[in-house]
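This is what each chain is made of:
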Amino acid sequence: MQKREPVTGPELVGLLERAFEATSAVLRAVPPQRFGDPSPCEGWTAGQVGNHLVGGARYFGQVAAGQASELPAEDPQLPADEVAAAFGEAARFNVAAFSGPGVLDQQLEFAFGPTPGWVVANISLSEAVIHGWDLARTAGLPYSPDDAAVDAVMRFQSQSSEDDLRAEGMFAAATPAPGDASPFEELLAFTGREP
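So, here's what we can say about the structure. (Residues numbered from 1 in each chain as written. Predicted model: local features only at pLDDT ≥ 70, side-chain atom pairs only at ≥ 80, totals over all residues. Heavy atoms only, no water.)

## A few points about the pattern of salt bridges
Where charged atoms from two side chains of opposite charge approach closely, those side chains can pair.
Stage number 1. Using the criterion set out here, one finds 5 salt bridges in the structure.
Stage number 2. Measuring nitrogen to oxygen at the nearest pair gives 3.0 Å for the salt bridge that ties Arg18 to Asp146. Within this pair, whereas Arg18 is found in helix α1 (residues 11–29), its partner Asp146 is found in the loop between α4 (117–139) and α5 (147–157), the two being separated by 128 residues in sequence.
Stage number 3. Its relative accessible area of 37% is what places Arg18 among the partly exposed residues.
Stage number 4. Relative accessible area serves as the criterion here: at 22%, Asp146 is assigned to the partly exposed category.
Stage number 5. A salt bridge links Arg155 to Asp151, with the shortest nitrogen-to-oxygen separation between them at 2.8 Å. Here Asp151 and Arg155 lie together in helix α5, a separation of 4 residues that amounts to about one turn.
Stage number 6. The network of salt bridges with shared partners includes Arg4, Asp151 and Arg155. (Salt bridge = Lys/Arg side-chain N within 4 Å of Asp/Glu carboxyl O. Helix = DSSP H or I, 4+ residues; strand = E, 2+ residues; numbered from the N terminus. Buried < 20%, exposed > 50% of the residue type's maximum accessible area, 1.4 Å probe, protein only.)

Below, the structure is given as structure tokens:
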């Protein structure tokens, strides 16, 4: 992936909001009986992905609000019929926290040490965009993330070397993207998914 400048300004808040809306729509549409199905995230069910999204949106918001630094020991363990509402609540809290004056420019207390707010926001954005697809693929649902949000995730992910991302276990080995791949399909292939 070609290295490009990341998005660091206040437009990140709107991108987060739109990404959360797209993923919320998928979560609301996943039938409860499908939450036990395996997802494209190896070893995770759709329900585990949903709970991870809840925990992530909540945690990144807490970091932005100065309420937490260490990663939670585990994701929430919510029943299928509560995940979508919990994610909506966590997403609203997240957006409000990152909307605070100067938060994106501040050094936040984060699991990996003091980290610029815009970096934490971009991680939160990446989680929402990519895991939204995981859920949609599991349940056979349509998913159309915001183009600008996808572009921001690609810009952010291009900052790290592929070797680092693979070594840390964040992504599986990249898969070939189709010749006519959209930017989102290129992103999915970069993360080891098969669009």
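## Some remarks on the side chain of Thr138
Stage number 1. Mapped onto the fold, Thr138 is located in helix α4.
Stage number 2. Under the relative-accessibility criterion, Thr138 is labelled buried at 10%.
Stage number 3. In this structure the side chain of Thr138 is engaged in a polar contact, spanning 2.8 Å, whose partner is the backbone oxygen of Asp134.
Stage number 4. In this structure, Thr138 is in contact with Arg34, Asp37, Pro38, Ser39, Pro40 and Ala46, ignoring residues within four places of it in sequence. (Polar contact = N/O pair within 3.5 Å; in protein donor to acceptor, adjacent residues only side chain to side chain. Contact = heavy atoms within 4.5 Å.)

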